[in-house]
Structures are given as structure tokens and as C-alpha cells.
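Each chain, written out:
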Amino acid sequence: MFTCKQVSKTLNNQQFNALPIWKRFVIKLHVKLCVFCGKYNKQVIDNHDLCHQYIRNEDALNEASSCKCFLDESKKATIREKISESLNT
Ligand SMILES: [Zn+2]
């Protein structure tokens, strides 16, 4: 079993997803059971996972075609009117 210092140092030096599976298991077990560093290192692992997911899906997120939400022209006109009204007052 790793100590709190070893878990924190490992997560500081390497991405969680890049670690060998046995090391991920031991670290996850420590994080689940530890009352001292568990909450902090869970957030670190969540941040690593978030970054990993973002990097994997970065191209799809940046494509304009992946955005399915568009305003129709009447709503755009309403927004333009409101902006010009607020600028004139
Ligand atoms: Zn700990």
C-alpha cells in the first residue's frame, strides 16, 4: 500500500490514465479509503480524467459542425435590438 506522500507525488508527476493498471488500482484504493488525502487526490484524479477526455475529444469539440444549437433569425434580430437599445440609453 502506498503512503499519502507517494500517492500525491505519483499523481503530481504523471497523468493518472498513463499509469500501469495495477498502480491505478492501488492508488484508487488508497484514495477511496484514506481520510487524509482522499478528497484532495480524488479531485486530482478527476482533473486528470477531465483533461484526458478533453484531449481525446478536442477535434470534435472545435469543429463548427459539431455545434447543433443555432439561433433563428428572429431571435438574432431581437438580441440586436436589445443591444442597440441598451447602447443608446
Ligand atoms: Zn492518503
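Residues numbered from 1 in each chain as written. Predicted model: local features only at pLDDT ≥ 70, side-chain atom pairs only at ≥ 80, totals over all residues.

A.B. asks: Tell me what's going on with the overall build of the chain, and back it up with residues and numbers.
C.D. replies: Helix and strand content of the chain: four helices and zero strands. Starting at the N terminus, the α and β elements of the chain follow one another as α-α-α-α. Over its C-alpha atoms the chain spans a radius of gyration of 23 Å, topping by over 25% the 12 Å that the globule rule assigns to 89 residues. Considering only C-alpha atoms, the chain reaches an extent of 65 × 30 × 20 Å along its principal axes. Relative to its 89 residues, the chain shows a buried fraction of 7%. (Helix = DSSP H or I, 4+ residues; strand = E, 2+ residues; numbered from the N terminus. Rg over C-alpha atoms; globule rule 2.2 N^0.38 Å. Buried ≥ 20, exposed ≤ 12 C-beta atoms within 10 Å, placed from the backbone.)

A.B. asks: Go over the nonpolar core, please, and point to the residues and values.
C.D. replies: Counting five residues, the largest nonpolar core is built from Val7, Leu11, Phe16, Ile27 and Val31. Broken down by secondary-structure element, the contributors of at least two residues to this core are α1 (4–13) and α2 (21–33). (Core = buried A, V, L, I, M, F, W, Y, C linked by C-beta atoms within 7 Å.)

A.B. asks: Outline helix α3 (residues 38–62), supporting the account with residue identities and numerical values.
C.D. replies: For α3, which comprises 25 residues, the first-to-last C-alpha distance of 34 Å matches the rise-based estimate of 36 Å (1.5 Å per residue) to within 8%. The largest bend in α3 comes to about 50 degrees, at Arg56. In terms of burial, α3 is largely open, as just one of its 25 residues are buried. (Expected span 1.5 Å × (residues − 1). Bend = angle between axes of the 7 residues up to and from the residue.)

A.B. asks: Which residues make up the environment of Leu19, and what values do they have?
C.D. replies: Relative to the helices and strands, Leu19 resides in the loop between α1 and α2. Using a count of 16 C-beta atoms within 10 Å as the deciding quantity, one classes Leu19 as partly exposed. The spatial distance from the C-alpha of Leu19 to the C-alpha of His48 is 12 Å, given a sequence separation of 29 residues. With residues up to four places along the chain from it excluded, the contact list for Leu19 reads Gln14 and Arg24. (Contact = placed C-beta atoms within 7 Å.)

A.B. asks: Can you break down helix α4 (residues 73–88) residue by residue, with the values?
C.D. replies: With 16 residues, α4 should cover 22 Å at 1.5 Å per step; its first-to-last C-alpha distance of 22 Å lies within 8% of that length. Counting buried residues along α4, only zero of its 16 residues qualify, which leaves the element largely exposed.

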